[in-house]
Amino acid sequence: MLVISERINGLYAAVGRAIDARDEGFIQQHAVLQMECGAQALDLNVGPGRDDGPAAMEWLVRTVQEVSDLPLCIDTPGIKTMTAGVKACRNRLIINSTTAEARKMQALFPLAKEHDADVICLTMDERGVPNDAESRAEMAMLMITTAMEHEIMPDRLYLDPLVLPIKAAQDQPMKVIKAMQLFQTLNDPAPRTVVGLSNVSNGAKERGILNRTFLAMLMGAGLSAAIVDVQDAELMRLVKAGELLRAEKLYCDDFLRA
Ligand code: THG
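Residues numbered from 1 in each chain as written. Predicted model: local features only at pLDDT ≥ 70, side-chain atom pairs only at ≥ 80, totals over all residues. Heavy atoms only, no water.

(A) Highlighting helix H9 (residues 233–245). With 13 residues, H9 extends 19 Å between its outermost C-alpha atoms, agreeing within 8% with the 18 Å of an ideal straight helix rising 1.5 Å per residue. Considered for burial, the residues of H9 that qualify are Leu235, Met236, Val239, Gly242, Glu243 and Leu244. Where H9 is buried, its residues contact strand S1 (2–9), helix H8 (207–220) and strand S8 (225–228). If you check the start of H9, you find a side-chain oxygen 3.1 Å away from the backbone N of glutamate 234, and it comes from aspartate 232. Taken from the residues just after H9, alanine 247 is the one with a positive phi, measuring 60°. (Helix = DSSP H or I, 4+ residues; strand = E, 2+ residues; numbered from the N terminus. Expected span 1.5 Å × (residues − 1). Buried < 20%, exposed > 50% of the residue type's maximum accessible area, 1.4 Å probe, protein only. Contact = heavy atoms within 4.5 Å. Polar contact = N/O pair within 3.5 Å; in protein donor to acceptor, adjacent residues only side chain to side chain.)

(B) Spotlight on the site of the ligand. Contacts to the ligand come from 15 residues, most closely from Asp75, Asn96, Asp160, Asn199 and Arg207. The contact in question runs from a nitrogen atom of the ligand to an N or O atom on the side chain of aspartate 75, over 2.7 Å. Contact between the ligand and asparagine 96: a nitrogen atom at 2.8 Å from a side-chain N or O atom of the residue. With the chains in place, 76% of the 670 Å² that the ligand exposes on its own is no longer accessible. At the level of secondary structure, the elements contributing two or more residues to the shell around the ligand comprise S1 and strand S5 (118–122). Here the residues of the shell around the ligand sort into 5 nonpolar, 6 polar and 4 charged. (Near = heavy atom within 4 Å. Areas by Shrake-Rupley, 256 points an atom, 1.4 Å probe, with all protein chains shown as cover. Nonpolar A, V, L, I, M, F, W, Y, C, P; charged D, E, K, R; others polar.)

(C) Seen up close, the packing of helix H2 (residues 24–36) against helix H3 (residues 53–65). Look at H2 against H3: their axes get within 9 Å of each other, and the N-to-C directions meet at 60°. Taken together, the axis directions place H2 and H3 in an arrangement best described as oblique. When you trace H2 past H3, the crossing you get is right-handed. Between H2, through Glu24, Ile27, Gln28 and Ala31, and H3, the contact on the second element is made entirely by Trp59, Leu60, Thr63 and Val64. Classifying every residue of the contact of H2 with H3 by side-chain character gives 5 nonpolar, 2 polar and 1 charged. (Axes fitted to C-alpha atoms, helices over the stretch in contact; angles between N-to-C directions. Parallel < 35°, antiparallel > 145°, perpendicular 65-115°, else oblique. Left-handed = near helix turned anticlockwise from the far one by under 90°.)

(D) Inspection of the environment of aspartate 160 at higher detail. Along the polypeptide, aspartate 160 turns up in strand S6 (residues 157–160). Other than its neighbours up to four places away in sequence, aspartate 160 contacts Ile120, Cys121, Leu122, Thr123, Phe183, Val194, Val195 and Gly196.

(E) Just the side chain of serine 201, in detail. Along the polypeptide, serine 201 turns up in the loop between strand S7 (192–196) and H8. Setting aside its immediate chain neighbours within four residues, serine 201 contacts Arg207, Leu210 and Asn211.

(F) Seen up close, the nonpolar core. Formed by 67 residues in total, the largest nonpolar core has its most connected members in Leu42, Leu44, Leu60, Val64, Leu215 and Leu218. With 7 residues, helix H6 (residues 133–149) is the largest single contributor of residues to this core. In this structure, leucine 44 is in contact with Ile8, Met57, Leu60, Val61, Val64, Leu72, Cys73, Ile74 and Asp75, ignoring residues within four places of it in sequence. In this structure, Ala41, Ile94, Leu122 and Tyr158 belong to the second largest nonpolar core, which totals 11 residues. (Core = buried A, V, L, I, M, F, W, Y, C linked by side-chain atoms within 4.5 Å.)

(G) Quick peek at the pairing of S7. Judged by how many residues are buried, S7 sits mostly within the fold: 4 of 5 residues are covered. Taking the sense of rotation as the criterion, the β-α-β connection linking S6, helix H7 (residues 172–183) and S7 turns out right-handed. By the bridge criterion, 3 bridges tie S7 to S8 in an arrangement that is parallel. Bridge pairing in S8 links valine 195 to alanine 226. In terms of handedness, the path from S7 via H8 over to S8 forms a crossover that is right-handed. (Right-handed = clockwise from strand over helix to strand, strands pointing away. Pairing = 2+ DSSP bridges.)

Just distances and angles here, no functional claims.
Laid out in structure tokens, this is it:
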């Protein structure tokens, strides 16, 4: 499973302040820490509600790739901010994300094609996130076919069923699991999938155990990639055990140290 660090995100107050101050040292130390914790890709998000989005994202991409060769997952809903980040990126690239909105797909699939990027496809549109798994699968299919019209093959996509906070909607986690299963029937070989795991515990108590348990359930349902808190060591142990149990990694007695 591809483990993507969620922590280089302006939502975290210290990261937000470092982006405001253009503090390269802080961001670079933080990026190195993510790698030491086992991140295999870095999600970069400048955070909501800033008026310098494109400039901030360009700076963030340049700053991080001075210390890391990992794939960068450029995370923003803004097309201008996305374009600025993508143009600055020399590492392997994941566009995070398009939705099923025509306006976004028309802008982002050509950008992905031009820059040879993978694309995360969020199963939502202008009306929001559908309540059920079937509608999420329908939107996923629309994004797969639209990508193909732009000569982007399904193997360059990650389908994201959109994890919602359990505190707001307790029926959603199992709907996400069902959506994951439906996604896998949409193409052969099955499309890749990704989630923003920590969304599930937003505003809840005992976030760690909720995140870890849901990750185990998602791995059981075939999840390919996850944006997670790699600084949660117990979660990273769970990933290793999950990879063994899915027979992605060869068993050895000291697999936790491998
Ligand atoms: N899908 C995709 N991308 C995503 C998401 C997704 N990117 C953003 C998000 N969801 C995943 N990343 C995070 C990052 C942080 C948190 C949750 C998800 C988080 N942060 C604490 C909070 O807001 O309470 C920060 C608190 C602190 O300052 O310590 O929960 O679903 N494709």
